[in-house]
Amino acid sequence: MSARVAALIPAAGSGERLGMGAKALLELNGITLLERAIRCLAPLCDEMVVALPSDQLGFELPEVVRKIAGGTTRQETVKRLLEATNADFVLVHDAARPFLPLEVAHKVLSAAKEFGSSTAALPAADTLVLEKDGNWDLLIDRSNVRAVQTPQGFNRILLLEAHLQAVQENWEATDDAGLVARLGKPVALVNGDPRLFKVTKPGDWALAQAFARVWDAENRWV
Ligand code: CTP
Ligand code: MG
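A brief report on the enclosed structure follows. (Residues numbered from 1 in each chain as written. Chains lettered and ligands numbered in written order. Predicted model: local features only at pLDDT ≥ 70, side-chain atom pairs only at ≥ 80, totals over all residues. Heavy atoms only, no water.)

**Description of the overall build of the protein chain**
Phase 1 of the analysis: Within the protein chain, the regular secondary structure consists of six helices and eleven strands.
Phase 2 of the analysis: Whereas a compact globule of 222 residues would reach a radius of gyration of roughly 17 Å, the protein chain reaches 17 Å, a difference of no more than 12%.
Phase 3 of the analysis: Considering only C-alpha atoms, the protein chain reaches an extent of 50 × 40 × 30 Å along its principal axes.
Phase 4 of the analysis: When each of the 222 residues of the protein chain is scored for burial, the buried share is 47%. (Helix = DSSP H or I, 4+ residues; strand = E, 2+ residues; numbered from the N terminus. Rg over C-alpha atoms; globule rule 2.2 N^0.38 Å. Buried < 20%, exposed > 50% of the residue type's maximum accessible area, 1.4 Å probe, protein only.)

Structure representation (structure tokens):
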């Protein structure tokens, strides 16, 4: 029997930095960020679980998608999502990243199957420096620096172990691969993509609005 894959989508945040309400439920070119994440992941998984803000559980989603209430932090939300499936592998992907190229998701999943844990990660294109009191303090060698994105893929049992350990040890992380790394387990890095940027602040929203039309024309969604 082939391994079962679940897509887990944290979409329960309040979008404070963007300041437009529940971010995942905002529309870009007529399609919500969440629906975009769902459509990108659908070809890769056997089941899909989405975490929504608890007052949005009535939000209409395709029937195949299971809905649960998210937690107060992203980490808590992902733990709840994990507890809602017993698939062999999970792909965790933030609804806040609405443009997910299929080939990146494929590579993350295959790396997770091979190594137990993987994430999309983008090499740094800009010069990187450390700042101190508003000034250039130190140049950082960017050759080995990666900006970690989602999707992240895991053997489910491994990620659950990382989350349980995190609760015990009070570890906090903004992503799941970070918790697995903290366990001392390897995390395979797969080349990410600039289109996978996270919609976090108003400037990202402006970019996402402009890019949605290009994406939709290429992906023949609308
Ligand atoms: N998320 C979640 N549950 C939370 C917090 C965040 O499911 N308690 C999700 C968000 O919905 C988003 C992803 O985690 O898809 C990444 O989080 P972020 O970009 O920080 O979104 P928000 O937490 O909504 O934004 P902000 O931090 O500005 O409030
Ligand atoms: Mg947040």
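**So, the pairing of strand S7 (residues 117-123)**
Phase 1 of the analysis: Among the seven residues in S7, five count as buried, and that is most of the element.
Phase 2 of the analysis: Pairing between S7 and strand S10 (residues 146-155): six bridges, direction antiparallel. Across the sheet, residue proline 123 finds its bridge partner in S10, namely arginine 146.
Phase 3 of the analysis: Pairing of S7 with strand S11 (residues 188-191), which is carried by four bridges, proceeds in the parallel orientation. Residue pairing in the sheet places alanine 121 in a bridge with asparagine 191 of S11. (Pairing = 2+ DSSP bridges.)

**Quick notes on helix H6 (residues 202-219)**
Phase 1 of the analysis: Under the 1.5 Å per step criterion, the end-to-end length of H6 is 25 Å for 18 residues, consistent within 8% with the ideal 26 Å.
Phase 2 of the analysis: In H6, a bend of some 35° at phenylalanine 211 exceeds every other bend along the element.
Phase 3 of the analysis: Every buried residue of H6 is listed here: Trp205, Ala208, Phe211, Ala212, Trp215 and Asp216.
Phase 4 of the analysis: Tucked inside the fold, the buried residues of H6 contact strand S2 (27-28), strand S3 (31-32) and helix H1 (33-41). (Expected span 1.5 Å × (residues − 1). Bend = angle between axes of the 7 residues up to and from the residue. Contact = heavy atoms within 4.5 Å.)

**Description of the pattern of salt bridges**
Phase 1 of the analysis: Applying the stated criterion across every chain, the model contains nine salt bridges.
Phase 2 of the analysis: A salt bridge links glutamate 47 to arginine 4; its shortest N-O distance comes to 3.6 Å. Of this pair, glutamate 47 sits in strand S4 (residues 47-52) while arginine 4 is found in the segment before strand S1 (5-10), placing the two residues 43 residues apart along the sequence.
Phase 3 of the analysis: In this structure, aspartate 176 engages arginine 74 in a salt bridge whose closest nitrogen and oxygen atoms are separated by 3.0 Å. (Salt bridge = Lys/Arg side-chain N within 4 Å of Asp/Glu carboxyl O.)

**Quick notes on the packing of aromatic side chains**
Phase 1 of the analysis: Tallied over the entire structure, the rule returns four aromatic pairs.
Phase 2 of the analysis: Relative to tryptophan 215, the ring of phenylalanine 99 lies with its centre 5.5 Å away and its plane at 55°, an arrangement referred to as tilted. With phenylalanine 99 in the loop between strand S6 (89-92) and helix H3 (102-115) and tryptophan 215 in helix H6, the pair connects residues that are 116 residues apart, well separated along the chain.
Phase 3 of the analysis: By relative accessible area, which is 0% here, phenylalanine 99 ends up buried.
Phase 4 of the analysis: You can call tryptophan 215 buried: its relative accessible area is 3%.
Phase 5 of the analysis: Joined through ring pairs, the aromatic side chains of Phe99, Phe197, Phe211 and Trp215 make up one cluster. (Phe/Tyr/Trp six-rings, centres within 6.5 Å; stacked < 30°, edge-to-face > 60°.)

**With respect to helix H4 (residues 156-169)**
Phase 1 of the analysis: Over its 14 residues, H4 extends 20 Å from the first C-alpha to the last, a length consistent with the 20 Å expected when each residue adds 1.5 Å.
Phase 2 of the analysis: Arg156, Leu158, Leu159, Leu160, Ala162, His163 and Ala166 are the residues of H4 that are buried.
Phase 3 of the analysis: Structurally, H4 contributes buried residues whose contacts are with helix H2 (74-83), S6, S7, S10 and helix H5 (176-182).
Phase 4 of the analysis: Regarding H4, its N-cap is asparagine 155, as a side-chain oxygen of that residue lies 2.9 Å from the backbone nitrogen of isoleucine 157 further along.
Phase 5 of the analysis: With its phi angle positive at about 60°, asparagine 170 sits one or two positions after the end of H4. (Polar contact = N/O pair within 3.5 Å; in protein donor to acceptor, adjacent residues only side chain to side chain.)

**Points about the nonpolar core**
A general trend in soluble globular proteins is that nonpolar side chains are found buried together.
Phase 1 of the analysis: Core analysis: the largest hydrophobic core is formed by 43 residues, its most contacted members being Ile9, Leu34, Ile38, Met48, Val50 and Phe99.
Phase 2 of the analysis: Those elements that place two or more of their residues in this core are S1, H1, S4, S6, H3, S11 and H6.
Phase 3 of the analysis: Counting residues per element, this core draws most heavily on H1, at six residues.
Phase 4 of the analysis: Those residues in contact with leucine 34 that lie beyond four places of it in its chain are Ile9, Ala11, Ala24, Leu25, Val50, Leu52, Leu61 and Ala95.
Phase 5 of the analysis: Listed in part, the 22 residues of the second largest apolar core include Leu81, Val92, Leu159 and Ala166. (Core = buried A, V, L, I, M, F, W, Y, C linked by side-chain atoms within 4.5 Å.)

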